[in-house]
Amino acid sequence: MPGGPAATGPGIGASAPKSKVAGIAMTAFAAFGGILFGYDTGTISGIIQMDDWLRTFGVATTDTNTYPLGYYLPSSRESLVVSILSAGTFFGALFGAPAADILGRRLGIMASCLVFCLGVALQTGAPNLATFVVGRVFAGLGVGLVSTLIPMYQSECSPKWIRGAVVSGYQWAITIGLLLAAVINNATKDRQNHSAWQISISIQFIWAFILCSGMAYLPESPRWLIKQGKDKAAAKALSRLTSLDPQDPEVETELNDIRVALKEEQELGESSYLDCFRPSHNKICLRTLSGIFIQAWQQLTGINFIFYYGTTFFKNAGIQNPFLITVATNIVNVFMTLPGMWGVERFGRRSLLLWGAALMCICEFLVAIIGVTISVNNTAGQKALIALVCIYIAGFASTWGPIAWVITGEIFPLNIRAKAMSLSIASNWLWNFGIGYATPYLVNTGPGNAGLGVKVFFIWGATCAGCFVFTYFCIPETKGLSLEQVDLLYQNSTPLTSGRYRRELIAQDLHISDIKGASEARHDDKESTEKV
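Calculation notes
- Residues numbered from 1 in each chain as written.
- Predicted model: local features only at pLDDT ≥ 70, side-chain atom pairs only at ≥ 80, totals over all residues.
- Heavy atoms only, no water.
- Helix = DSSP H or I, 4+ residues; strand = E, 2+ residues; numbered from the N terminus.
- Buried < 20%, exposed > 50% of the residue type's maximum accessible area, 1.4 Å probe, protein only.
- Contact = heavy atoms within 4.5 Å.
- Core = buried A, V, L, I, M, F, W, Y, C linked by side-chain atoms within 4.5 Å.
- pLDDT = per-residue confidence, 0-100.
- Patch = residues over 30% accessible without salt bridge, like charges linked within 9 Å, V, L, I, M, F, W, Y side chains within 5 Å.
- Areas by Shrake-Rupley, 256 points an atom, 1.4 Å probe, with all protein chains shown as cover.
- Salt bridge = Lys/Arg side-chain N within 4 Å of Asp/Glu carboxyl O.
- Phe/Tyr/Trp six-rings, centres within 6.5 Å; stacked < 30°, edge-to-face > 60°.

Peer 1: Explanation requested: the overall build of the chain in the structure shown.
Peer 2: When its secondary structure is counted, the chain shows 23 helices and two strands. Scored against the burial criterion, the 532 residues of the chain give a buried share of 60%. Within the chain, counting contacts between residues at least 6 apart in sequence, those at least 24 apart form 79% of the total.

Okay, structure coming up:
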């Protein structure tokens, strides 16, 4: 999987040395917010299968042959409980834009933690389903804010030669959150009182406290500070991230690049959401649509089917101890994200997305074909299903899982970055909501349900084929470029020719301030000649 030459131009600045770890450590900590995201989305899969939760929020039934507990969760109620979080996150992601622009990236993340804690408190103390659902909405608002603000903060503060790996760390934290949720659910599932699910939910206070406390000590994004006209504060923040003096020429070079790029965007006028879709020489419309669709396609790989309904799916497929299988799939998800964090800077974004889509497509069609041709009593067939699901998860975790966040964090110019990112992340959550809501109706049996069962993997296989086509025509290679160099890439190449132009940018160490300065000089010379 060739990805072009490794970038030799280091750092968040033009040439900050790769040995500096302060900026990497600080921006990597922000990835901790992914644990909020992963844990909150992962814990519900097991909670809705717990006996006490079903007795508290489920519906009583006399059909004890099908439901030995005497309680069950109708598809409508299951869809509501699982997917309502995504409805909250959709609006949270949209609110992420004004939060990022008004409060700043850092304070916005801290405020998100408070909103999230309100949701956790409502769920933990919920006496009825309505309160539990409202708590899910507020937790979703917090998660949606975090999912917009953290990749934005990381992209704007990370050294360019390792930006992909740092932002991928956010996805890794998501997978750790999913794993922690599966492990804690497995540990509390046999309790026959409210503590079975209250422990799983209330632990989230710890994650929010760690993130909020840690962000208090991190610097604000230098790019946001420049946008606010706070040049001295920006130089100080950048010096902390690069371990260089605020007066260092490398710090000034980076700040100058940011100013030039921002000035060019601001000359077009104050940005609005409509500006995210206006065609321009900077290909803003293409970039916005690429961000929106890459997040949509990430959800359409079907990965959250496993993490939302995995316990239920494995149980219905005849697999014994589905809770442990869910833990196993989450372990695969965590550890296979690590090769993706390394590969994103070794092989590049575009090639990994293409290979990942192809691998997932093959696995999901095989799961569907095997699933419809074997019985639930076929032990060998069940093991094959588990193995293929694990390979599929490994393919997602090392490619589409982290890289969709990397792409979203680095393809937008500063003037519209907050708005375009909020639209992209909102797209992720909108599809997350749609898939979470529709899946019980697609998979479950009984009146009003499609009863597809394992055949739903035919749908996910087809969507992974769509992921491949989308990447080939719409996603350029941005490995090793600063965020301002990504602007140049979009202005002077297409996704199909981006690899060649990217190599030119790196080989010649071109910066937007160099090109704009040369262009203005030529313009001045031309005017002088005309006057003579």
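Peer 1: So what exactly am I meant to see when it comes to unusual backbone geometry here?
Peer 2: Most of the time, phi is negative for any residue but glycine, and the peptide bond is trans. Backbone geometry places S243, a non-glycine residue, at a positive phi of 60 degrees. Among the secondary structure elements, S243 is positioned in the loop between α11 (231-242) and α12 (249-266). Residue S243 is classed as partly exposed on the basis of its relative accessible area, which comes to 37%. Its identity is not glycine, yet K283 carries a phi of approximately 55 degrees, on the positive side. Given the relative accessible area of 25%, K283 is considered partly exposed.

Peer 1: How do you make sense of the nonpolar core when you look at a structure like this?
Peer 2: In summary, soluble globular proteins display a tendency toward joint burial of nonpolar side chains. Among the nonpolar cores identified, the biggest contains 120 residues, and W53, F132, W400 and F457 are the most heavily contacted of them. Counting residues per element, this core draws most heavily on helix α6 (residues 129-157), which supplies 12 residues. Contacts of F132, omitting those with residues within four sequence positions, involve I44, W53, F57, V81, Q123, A126, W197 and I201. In terms of nonpolar packing, the next biggest core, distinct from the first, is built from 13 residues, A235, L238, L255 and L414 among them.

Peer 1: Teacher, can you tell me more about the confidence of the model for the chain here?
Peer 2: Should the pLDDT be low somewhere, the predicted coordinates at that spot are not to be read in detail. When pLDDT is averaged across the chain, the result is 84; 88% of the residues are at 70 or more. Predicted confidence for residues 1-19 stays below pLDDT 50, and this span has 57 contacts to residues more than four positions away or in other chains.

Peer 1: Quick question: what am I supposed to make of helix α21 (residues 483-492) here?
Peer 2: Structurally, the α-helix is built with 3.6 residues per turn, so residues lying three or four positions apart point the same way. Across the 10 residues of α21, nine count as buried, placing the element largely inside the fold. Buried within α21 we find L483, E484, Q485, V486, D487, L488, L489, Y490 and Q491.

Peer 1: Can you walk me through a nonpolar patch on the surface in this structure?
Peer 2: Where nonpolar side chains cluster on the molecular surface, the patch consists of F468, V469, Y472, F473 and L496 and spans about 490 Å² of accessible area. Along the chain, V469 turns up in helix α20 (residues 456-474). Classification of V469 as partly exposed rests on a relative accessible area of 46%.

Peer 1: Hey, could you run me through the packing of aromatic side chains in this one?
Peer 2: Aromatic ring pairs are reported here in terms of the distance separating the ring centres and the angle at which the planes meet. As enumerated under the stated definition, the model contains 15 aromatic pairs in all. Look at F57 and F132: their rings are 5.3 Å apart centre to centre, the planes differ by 40 degrees, and that puts the pair in the tilted class. A residue pair is termed long-range when its members are at least 10 positions apart, and F57 in helix α3 (residues 51-57) and F132 in helix α6 qualify at 75 residues. A centroid spacing of 6.3 Å and a plane angle of 50 degrees characterise the contact between F365 and F458, whose relative ring orientation is tilted. On the criterion of sequence distance, the pair formed by F365 in helix α16 (residues 349-373) and F458 in helix α20 is long-range, its members being 93 residues apart. Residue classification places F365 among the partly exposed positions, given a relative accessible area of 28%. Residue F458 is classed as partly exposed on the basis of its relative accessible area of 34%. A network of ring pairs unites the aromatic residues F37, Y170, W405 and W429 as a single cluster.

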